Amino acid sequence: MGLNVFVLTGAGVSAESGLGTFRDEGGVWTQYDLAEVATPEGFARDPAKVRAFYNARRENLAGAAPNPAHVALARLQRELAARGGGLFLCTQNVDDLHEKAGSTEVVHIHGELAVTRCHACEATRSDTGPLDGEAICEACGAAGMARPHVVWFGEMTLFLDEITDALHAADLFVAIGTSGSVYPAAGFVSEARALGVRTCELNLEPSDNAWAFDESFYGPAGEVVPAWVERVLGEGLRS
Ligand code: APR
């Protein structure tokens with residue numbers, strides 16, 4: 001029976017790819033008021049401001065490439081599957097760098113930036129271009145309802161049932177590049193501990209829920225993650 005690993009990633013795994021984190025110095029939420037650009041109320045108040053915020057992030061994403069952390073996680077997924085186990089890769093990130101690195105079945109619990117959704121009927125379509133405020137929804141005919149398929153504050157996190165199932169099946173829970181400050185994702189480590197699952201944190205510095213992890217390795221994800229993957233594949237859970 002192979003090893004089943006649950007990995008939760010956050011903005012820190014994409015930091016070395018040039019995509020900003022949210023709460024570090026100079027982070028996205030130090031430059032923008034999240035209430036204005038990442039809530040349904042903000043969208044109702046000023047949809048053009050919200051679309052401009054996400055259009056700028058789509059432009060950043062177009063020029064971003066996976067870093068060694070993304071590549072190492074794609075390798076881990078392949079190797080665990082080859083040994084009869086599996087990797088459940090759950091990300092808070094709305095970028096597509098895990099996929100660009102070769103990861104498959106990535107679970108985007110906060111949605112995806114490169115997907116446009118109708119705010120009226122929730123129909124979605126892949127889209128890397130600018131969000132168009134004049135667009136007519138092809139599914140329901142609503143006008144001016146184009147938004148990013150991104151979970152805003154106050155909206156439901158996606159795939160919670162799949163996450164519960166994956167936590168029950170996991171031998172190891174690993175959080176990578178996340179501050180552990182936004183729930184329900186920040187609570188997954190406690191759910192894992194309650195199930196008797198070993199927990200590990202790979203981060204630049206101790207997160208808000210660092211206390212909850214059995215072991216931790218600190219440093220840039222581009223260095224720490226490949227080294228950790230090498231160890232897990234070489235030594236298994238004894239690591
Ligand atoms: N390598 C590893 N970790 C890093 C790096 C790096 N190069 N750079 C920063 N970090 C760490 C920071 O120390 C911090 O703990 O990544 C974490 C980033 O935390 P946040 O900016 O809070 O991002 P995240 O945890 O993903 O935010 C969660 O909040 O705003 C919402 O929906 C948004 O998904 C996001 C959620």
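Reading guide: rules and limits
- Residues numbered from 1 in each chain as written.
- Predicted model: local features only at pLDDT ≥ 70, side-chain atom pairs only at ≥ 80, totals over all residues.
- Heavy atoms only, no water.
- UniProt positions renumbered as here; feature names shortened; annotations may be inferred.
- Salt bridge = Lys/Arg side-chain N within 4 Å of Asp/Glu carboxyl O.
- Helix = DSSP H or I, 4+ residues; strand = E, 2+ residues; numbered from the N terminus.
- Axes fitted to C-alpha atoms, helices over the stretch in contact; angles between N-to-C directions.
- Parallel < 35°, antiparallel > 145°, perpendicular 65-115°, else oblique.
- Left-handed = near helix turned anticlockwise from the far one by under 90°.
- Contact = heavy atoms within 4.5 Å.
- Nonpolar A, V, L, I, M, F, W, Y, C, P; charged D, E, K, R; others polar.
- Near = heavy atom within 4 Å.
- Polar contact = N/O pair within 3.5 Å; in protein donor to acceptor, adjacent residues only side chain to side chain.
- Areas by Shrake-Rupley, 256 points an atom, 1.4 Å probe, with all protein chains shown as cover.
- Phe/Tyr/Trp six-rings, centres within 6.5 Å; stacked < 30°, edge-to-face > 60°.
- Buried < 20%, exposed > 50% of the residue type's maximum accessible area, 1.4 Å probe, protein only.
- Lys NZ or Arg CZ within 6 Å of the ring centre and 35° of its normal.

Per an unreviewed UniProt entry, the protein goes by NAD-dependent protein deacylase and derives from Caulobacter hibisci. Comment text from UniProt for the protein, heading Subcellular location (unreviewed entry), reads "Cytoplasm". One UniProt comment on the protein, placed under Function (unreviewed entry), says "NAD-dependent lysine deacetylase and desuccinylase that specifically removes acetyl and succinyl groups on target proteins. Modulates the activities of several proteins which are inactive in their acylated form."

A few words on the pattern of salt bridges. Going through the model one piece at a time under the given rule, you end up with 9 salt bridges. Of the charged contacts, one joins Lys-49 and Glu-36 as a salt bridge, the two residues approaching to 2.7 Å between their closest N and O atoms. Of this pair, Lys-49 sits in helix α4 (residues 47–62) while Glu-36 sits in helix α2 (residues 34–37), and the two are 13 residues apart along the sequence. Through salt bridges with shared partners, a single network forms among Arg-58, Arg-125 and Asp-127.

The next thing to look at is the packing of helix α5 (residues 68–82) against helix α9 (residues 221–235). Put simply, α5 and α9 touch, their axes get as near as 7 Å, and they point 15 degrees apart. The angle between α5 and α9 places the two elements in the roughly parallel class. Seen from above, α5 lies across α9 with left-handed handedness. Residues Pro-68, Ala-69, Ala-72, Leu-73, Arg-75, Leu-76, Glu-79 and Leu-80 of α5 form the contact with α9, whose participating residues are Ala-221, Gly-222, Val-225, Pro-226, Trp-228, Val-229, Glu-230, Val-232 and Leu-233. Of the residues in the contact of α5 with α9, the class split is 13 nonpolar, 1 polar and 3 charged.

Attention now moves to the environment of Arg-231. On the secondary structure map, Arg-231 appears in helix α9. For the pair Arg-231 and Gly-86, spaced 145 residues apart in sequence, the C-alpha to C-alpha distance is 16 Å.

Let us look at the site of the ligand. Taken together, 23 residues form the shell around the ligand, and within it Phe-22, Arg-23, Trp-29, Thr-178 and Ser-179 come nearest. Contact distances for the ligand include 2.9 Å between an oxygen atom and a side-chain N or O atom of Asn-203. Relative to its free-state accessible area of 730 Å², the ligand is covered by the protein chains to the extent of 93%. Across the shell around the ligand, the residue classes tally to 9 nonpolar, 10 polar and 4 charged.

Looking at where Gly-20 falls in the secondary structure, it is placed in the loop between β1 (4–9) and α1 (28–31). Leaving out residues up to four positions away in the same chain, Gly-20 has contacts with Ala-11 and Val-28.

Below, the discussion takes up the packing of aromatic side chains. Taken as a whole and judged by the stated rule, the model has 11 aromatic pairs. Seen from their ring centres, Tyr-32 and Phe-53 are 4.7 Å apart, and the 65 degrees between their planes marks the pair as edge-to-face. You can see Tyr-32 sitting in the loop between α1 and α2 and its partner Phe-53 sitting in helix α4, a full 21 residues away along the chain. Phe-53 gets classed as buried once you look at its relative accessible area, which sits at 3%. With a centroid separation of 4.8 Å and 80 degrees between ring planes, the pair formed by Phe-53 and Tyr-54 is classed as edge-to-face. Assessed through its relative accessible area of 1%, Tyr-54 is described here as buried. Each residue in the set Phe-22, Trp-29, Tyr-32, Phe-43, Phe-53, Tyr-54, Trp-152 and Phe-153 is aromatic and connected to the rest through ring pairs, giving one cluster. Here the basic side chain of Arg-147 rests over the ring of Trp-152, its NZ or CZ set 3.6 Å away from the ring centre.

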